[in-house]
Amino acid sequence: MVGLLFFGGIILGTNSCTSTNPPVYTGVKTNGTLAVSTVTSTSGGGYTPQNVVAIWIEDNSGKFIKTLLVKAQSQVGYLSNWLNATPTANEVDAITGATAYSYGALTCSWNGTDYQGTLVSDTTYRVCMELTDGHGSGNFSYFPFKKGTVANTQSPVNKPSFSSVSIKWTPK
């Protein structure tokens, strides 16, 4: 999905983590933990090494579930994909911080709940990541994973601004 977001006198293009594939909910809701890690790098913007970054969970249809990490303060408006996913800039239970002044390793986790604290159904979800180091949209990628009763570990191929990505679902 492509849209426009007006922020501070600037119109930003957005890409969302949406899909035409509706999620398949099983009714089963397994407790567990998703561990996410990545190493960030420049998106080619003019403010490098300063950057803003967000990591969040969406279901397979693009419905926002929960923010895991946001490192942005006054420049949060340039995280256009994240803002498009969660118009209220929801940060409940997320790791938050000021604009980052360097690139490097990031880690965060998800307890299988939505932003309201409700355990979500077992199905395919997406870890969405966005980083920019300029006045405008930067790099955006997403990585599908299966939440369920079986452990699931993935090391997807490197994407622009996101390398050494590790996604590990561990049911309890």
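Notes on the structure follow.

### Re unusual backbone geometry
With an omega dihedral of 10°, the bond running from Thr48 to Pro49 counts as a cis peptide bond. As for its position among the elements, Pro49 is in the loop between β3 (32-40) and β4 (52-59). Backbone geometry places Asp93, a non-glycine residue, at a positive phi of 65°. Counting through the fold element by element, Asp93 comes out in the loop between α1 (80-85) and β6 (95-97).

### Structural notes on the pattern of salt bridges
Applying the stated criterion across every chain yields a total of 2 salt bridges. A salt bridge links Asp93 to Lys66, with the nearest nitrogen and oxygen atoms 3.3 Å apart. With Asp93 in the loop between α1 and β6 and Lys66 in strand β5 (residues 64-71), the pair connects residues that are 27 residues apart, well separated along the chain. With a relative accessible area of 63%, Asp93 lands in the exposed category. Among the ionic pairs, Asp122 bridges to Lys147, the shortest N-O distance being 2.6 Å. A residue pair is termed long-range when its members are at least 10 positions apart, and Asp122 in the loop between β7 (105-110) and β8 (124-132) and Lys147 in the loop between β9 (139-146) and β10 (152-154) qualify at 25 residues. Comparing Asp122 with Lys147, the two get one shared label, buried.

### Thoughts on the environment of Asn90
Take Asn90: it is sitting in the loop between α1 and β6. Through-space distance from the C-alpha of Asn90 to that of Val70 is 9.9 Å; in sequence the pair is 20 residues apart.

### Here we look at the sheet that holds β7
Here we have 4 strands laid out as an open sheet, ordered β7-β3-β11-β10, and antiparallel in their pairing. Each edge of the open sheet is held by one strand with a lone partner, namely β7 and β10. For this sheet, the mean inter-axis angle between neighbouring strands, taken without regard to orientation, is 10°.

Conventions used here
- Residues numbered from 1 in each chain as written.
- Predicted model: local features only at pLDDT ≥ 70, side-chain atom pairs only at ≥ 80, totals over all residues.
- Heavy atoms only, no water.
- Helix = DSSP H or I, 4+ residues; strand = E, 2+ residues; numbered from the N terminus.
- Salt bridge = Lys/Arg side-chain N within 4 Å of Asp/Glu carboxyl O.
- Buried < 20%, exposed > 50% of the residue type's maximum accessible area, 1.4 Å probe, protein only.
- Pairing = 2+ DSSP bridges.
- Axes fitted to C-alpha atoms, helices over the stretch in contact; angles between N-to-C directions.

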